[in-house]
Amino acid sequence: MNITLPDGSVKELPKGSTGLDIAKTIGPGLVKAAVAITANGIQKDLSDPIEEDSEVSIITIESEEGLEIMRHTLTAQVLARAVKNLYPKAKLAIGPTIKDGFYYDFEFEKPISPEDLVKIEDEMQKIIASSSSITKKLHSKAETLNAFTEEPYKQSIVESSDQKDNFQIYYQDDRNFFDLCKGPHLPSLKHIGSFKLTKLAGAYWKGNSKNKMLTRIYGTAWKNDKDLKAYMLSLEEAEKRDHRKIGKELNLFHFQEEAPGMVFWHPDGWIIYRLLQDFVRKKLDACGYKEINTPQVVDRKLWEASGHWDKYRENMFITEIDEEHANEKRTNALKPMNCPCHVQVYNQGLKSYRDLPLRYAEFGSCHRYEASGTMHGLMRVRGFTQDDGHIFCTEDQIESETKSFIELLSEIYSDLGFGSFDIKLSTRPEVRVGSDQVWDKAEQALENAIKKLGLPYELDEGDGAFYGPKLDFVLTDAIGREWQCGTFQADFNLPGRLDAEYIGEDGSKHQPVMIHRAVLGSFERFIGVLIENYAGKLPLWLAPTQLTICSITSDVNEYAQKIHNRLKELNIRSKLDLRNEKISYKIREHSNAKVPNIIVLGKNEAASEMITVRRLGSSENFSYSLEEFIDQIIKEASPK
RNA sequence: GCUCAUAUAGCUCAGUGGUAGAGCACUUGCUUGGUAAGUAAGAGGUCACCGGUUCAAGUCCGGUUAUGAGCUCCA
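Residues numbered from 1 in each chain as written. Chains lettered and ligands numbered in written order. Predicted model: local features only at pLDDT ≥ 70, side-chain atom pairs only at ≥ 80, totals over all residues. Heavy atoms only, no water.

Student: Honestly, the protein's contact with RNA strand B in this entry has me stumped. Any pointers?
Tutor: Residues in contact with RNA strand B amount to 47 residues; listed here are only the nearest, Tyr204, Ser372, Gln484, Ile552 and Asn580. Counted by atom, the contact set of RNA strand B within 4 Å of the protein is 52% sugar and phosphate. The contact in question runs from a sugar or linking oxygen of RNA strand B to an N or O atom on the side chain of Tyr218, over 3.0 Å. Contacts to RNA strand B include Gln484, whose side-chain N or O atom sits 2.3 Å from a sugar or linking oxygen. Partitioned by chemical class, the residues of the surface near RNA strand B number 14 nonpolar, 21 polar and 12 charged. (Near = heavy atom within 4 Å. Polar contact = N/O pair within 3.5 Å; in protein donor to acceptor, adjacent residues only side chain to side chain. Nonpolar A, V, L, I, M, F, W, Y, C, P; charged D, E, K, R; others polar.)

Student: Hey, could you run me through the nonpolar core in this one?
Tutor: Soluble globular proteins: nonpolar side chains tend toward being buried together. Within the largest apolar cluster, 60 residues are counted, with the highest numbers of intra-cluster contacts made by Leu276, Tyr413, Leu416, Leu471, Phe473, Leu520 and Phe526. In this structure, Leu276 is in contact with Leu416, Leu520, Phe523, Phe526, Ile527, Leu530 and Leu542, ignoring residues within four places of it in sequence. Counting residues in each nonpolar core, the second largest holds 41 residues, with Leu79, Tyr104, Met124 and Cys181 among its members. (Core = buried A, V, L, I, M, F, W, Y, C linked by side-chain atoms within 4.5 Å. Buried < 20%, exposed > 50% of the residue type's maximum accessible area, 1.4 Å probe, protein only. Contact = heavy atoms within 4.5 Å.)

Student: Could you clarify how one ought to interpret the packing of aromatic side chains in this entry?
Tutor: The geometry of an aromatic ring pair is captured by two quantities: the separation of the ring centres and the angle between the planes. Summed over all chains, the structure comprises 28 aromatic pairs. Residues Tyr273 and Phe523 carry aromatic rings whose centres are separated by 5.1 Å and whose planes lie at 35° to one another, so their mutual orientation is tilted. Of this pair, Tyr273 sits in helix H9 (residues 267-286) while Phe523 sits in helix H16 (residues 523-533), placing them 250 residues apart in sequence. By the burial criterion, Tyr273 is buried, and Phe523 matches it. Where Tyr413 meets Phe421, the ring centres are 5.6 Å apart and the plane angle is 75°; that geometry is what we call edge-to-face. With a relative accessible area of 15%, Phe421 lands in the buried category. An aromatic cluster of at least three residues, connected via ring pairs, comprises Phe253, Phe255, Trp265, Trp270, Tyr273, Phe363 and Phe523. (Phe/Tyr/Trp six-rings, centres within 6.5 Å; stacked < 30°, edge-to-face > 60°. Helix = DSSP H or I, 4+ residues; strand = E, 2+ residues; numbered from the N terminus.)

Student: Can you walk me through helix H12 (residues 339-346) in this structure?
Tutor: Within an α-helix, residues lying three or four positions from one another point in the same direction, as the helix has 3.6 residues per turn. Within H12, six of the eight residues are buried, which leaves it mostly tucked inside the rest of the structure. Of all the positions in H12, only Cys339, Pro340, Cys341, His342, Val343 and Tyr346 are classed as buried.

Student: Sorry if this is basic, but what is going on with the packing of helix H13 (residues 398-415) against helix H14 (residues 436-452) here?
Tutor: When two helices pack together, their arrangement is given by the angle between their axes and by how far apart the axes lie. Look at H13 against H14: their axes get within 8 Å of each other, and the N-to-C directions meet at 40°. As judged from the angle between their axes, H13 and H14 are oblique. Both H13 and H14 take part in a crossing whose hand is right-handed. The residues of H14 that touch H13, namely those facing Ile398, Glu399, Thr402, Lys403 and Ile406, are Ala442, Ala445, Leu446, Asn448, Ala449, Ile450 and Lys452. In terms of residue class, the contact of H13 with H14 is built from seven nonpolar, two polar and three charged. (Axes fitted to C-alpha atoms, helices over the stretch in contact; angles between N-to-C directions. Parallel < 35°, antiparallel > 145°, perpendicular 65-115°, else oblique. Left-handed = near helix turned anticlockwise from the far one by under 90°.)

Student: Looking at this model, I keep getting lost on unusual backbone geometry. Mind explaining?
Tutor: Most peptide bonds adopt trans geometry, and most residues besides glycine take a negative phi value. That bond from Leu356 to Pro357 is cis: its omega, -5°, falls within 30 degrees of zero. Relative to the assigned elements, Pro357 resides in the loop between H12 and strand E20 (358-367). A positive phi angle is found at Asn251, which is not glycine, with a value near 60°.

If you want it as C-alpha cells, here you go:
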C-alpha cells in the first residue's frame, strides 16, 4: 500500500504497517519523537496497523496535537493510576483534555484536600519515572463490562455506548493499571513533559446538576519546564489584572454582606461610570435613539402579561407591601429587564408606520436574583444597569437597523480601545414562536446586514432565543480573553403579548417587530472588563484622576495651587498633593494609584513658570509651559 | 443551587487550646527633601454571626451568612 506523507512523498509499505514502521523509514530521530499519527485526518495510536493507501502525518510532542495527546495520557493513564494507587477505593469517571491542560473526575470515599494534590503529584512522578510503555487491546462489550466491575462510571459509559465491541483498553507494562479510553495515547510514559496539578473542584457527573457531585482534579501540562513556567507566569499576570483586586486598590467600589451582588460605587469608580454613560448617551443621541426611563418596581400583572412571571420568576426579586401600613395588598417585582416597560411607553398614543423605526434607549436599572454561586465581582451581579434599547420597526426594516446598530457598536468599541470583535449569529431553536416565513425573513435580514458590512461571523445554529434570532458580539481583551458584551435580538413575541401595534400604509393595524439591543451589556460588567483590559491604567479620558500635582517643597505650594485652579476651570480632573513628603514618595504613591500624569513642581519650575510632567509607566520627564500642556491634555482626553 | 476552601486591625497576612501579632496605611513630632517607600512615637480588634465541647476557644465541633475556585445556570 502507498503511504503519502505531508511533504507529498509516497512510501510503499506492506499492509498492516504501523505508524512506528513509517517513522522508521524516515529516521531514528522521528522514531524517538513520534507519539501518534494522523491517518486520513483521524488520530490513531502509533501501534495501530494501517490497512489501505493513506495520507499519514506523524505527530510529535512539538505540535499542538502532540501536546494534547500527552495531556490526555497524563490524565487518563498517570493521574488516574496515581489516584488509584493512593486511594484504591476511588472510582474513575472521565478525564479529558482542556485548554492548556486536563482534568479527571473521581468519586472519592472521603473528600480530599489541596494538600493531597502534592501527594498525588509525587505519585505521578514515580509512575512517570517507570517509563512504562502503553499498549492497547480491543475488547467486546461483555469483556469490557467484566473488566470494570469495580468502576460504575466506566460501566455506565460502556453500557450507554452504541458500540458492540472494539472497546479500547490501554494497559501499562506491569498490568497494574488499565483504563478505558478513546485514545490515542503516548506509546510510553517517556514522552511526558512538565506538569502541575492546579486545583480541586466539584463537578457533576455528566454535567447534570441532578447527578452526583464528583471531585475534579485540574492540571496543566507542557512539553518542558520552560513552557510550564511561562504558563504559570501568564496566570499570575491575569491575576494582577483582576478587577476585584484593582477595584479595592484604587478604591473604586465595594460589596458587602447586606447586599450581595450589588455594587457600592465609591467616588472614583462612579466617575468612570458617569464618563462611560455620558459617552454612550452622546452616541445614542447621535444615532436617533430617544432616551426614556421606566419604573423599577412593577406590579406582577405586567410580568404575567409579558410571560416573565411564568418563565423567569425564580430570577426575580418579588416585593410585598407591608400590610400593616398599606391599604391595598399587591405583589410587585423589581424589573429584571426593561422590555415590557418600553412597550408600555410605545403603547401610549397611536403609532403610525411613519413613526417607525422608533428607537427607545434606557440606562435601565435591573435586578435579577442570580444563584448564589454564580456571582463574580462586577462581572456577574444581581443589580446592574444595562445600556438597553428597544427598536420598534417593521420586518422590512430589520436589515437596515441591524446594519446601523453594528456601525454604532463598532464605533463605541473602537473608542473604548477594542479594535475588533467577533459576531455570532444564532438561528431558530427547536422550541420557538412565530411562523417559519417570519424566521426566514429575520435570519436573512441579520445575515444580509453582516454580509453587507463585510464582517466575518460565526453561525450558531439553533441557539437563538425562542422569540427570534440574535447576534452576539464578543470582545477580545489585551491578554486574549473573550467577553460577550453586545447583543441584538429580534423579537416577534413580546409586541403581540403586550398589544403593541401601528397603523400601516393600508390603514389597518399591524404588529411591529421589537429589537432588544445593548452595546456594553451592563455598565457594571463592562467597567470590570475595562479595568482588566487596561490593568487599571485607564486611558486619560476615563481616568478618575487625570493628573496629580506634586510640590517638592512648601515654597512652591502657591504656584502649584495656581496651576491646579487653572486646570480645574477647564474641567481637567486634577488633584493637588502638597503634603510634607519627599518627591519620590509622592511619585511612588501616585504611580501605584495609576494616575496617568504626575506633575512635579519645584523651585526651578516656579522660577521659569514651567511644569514638569512624568507619564505613568515611564521615568522620563517632559517640560512644558502650562498652556502647551493644556492644549495637549485636552486633545488627548477626548475619547479616541 | 451544588462541591470544596476561606473569613483575625483600613489593606495584605501571621497566629495548632492558656493575656491579640507583623508590614503597609492612619495620627502626631522631627525632617523642606528633585523623580517608585526619610525618621521617631502613638492610636487602632465583639478574631464574620449563632450555638456547642472544654477549667479555658481566634484556635476544636455544628449551623448561618458572605467571599473564592469549579460545576450547574445565565448570555
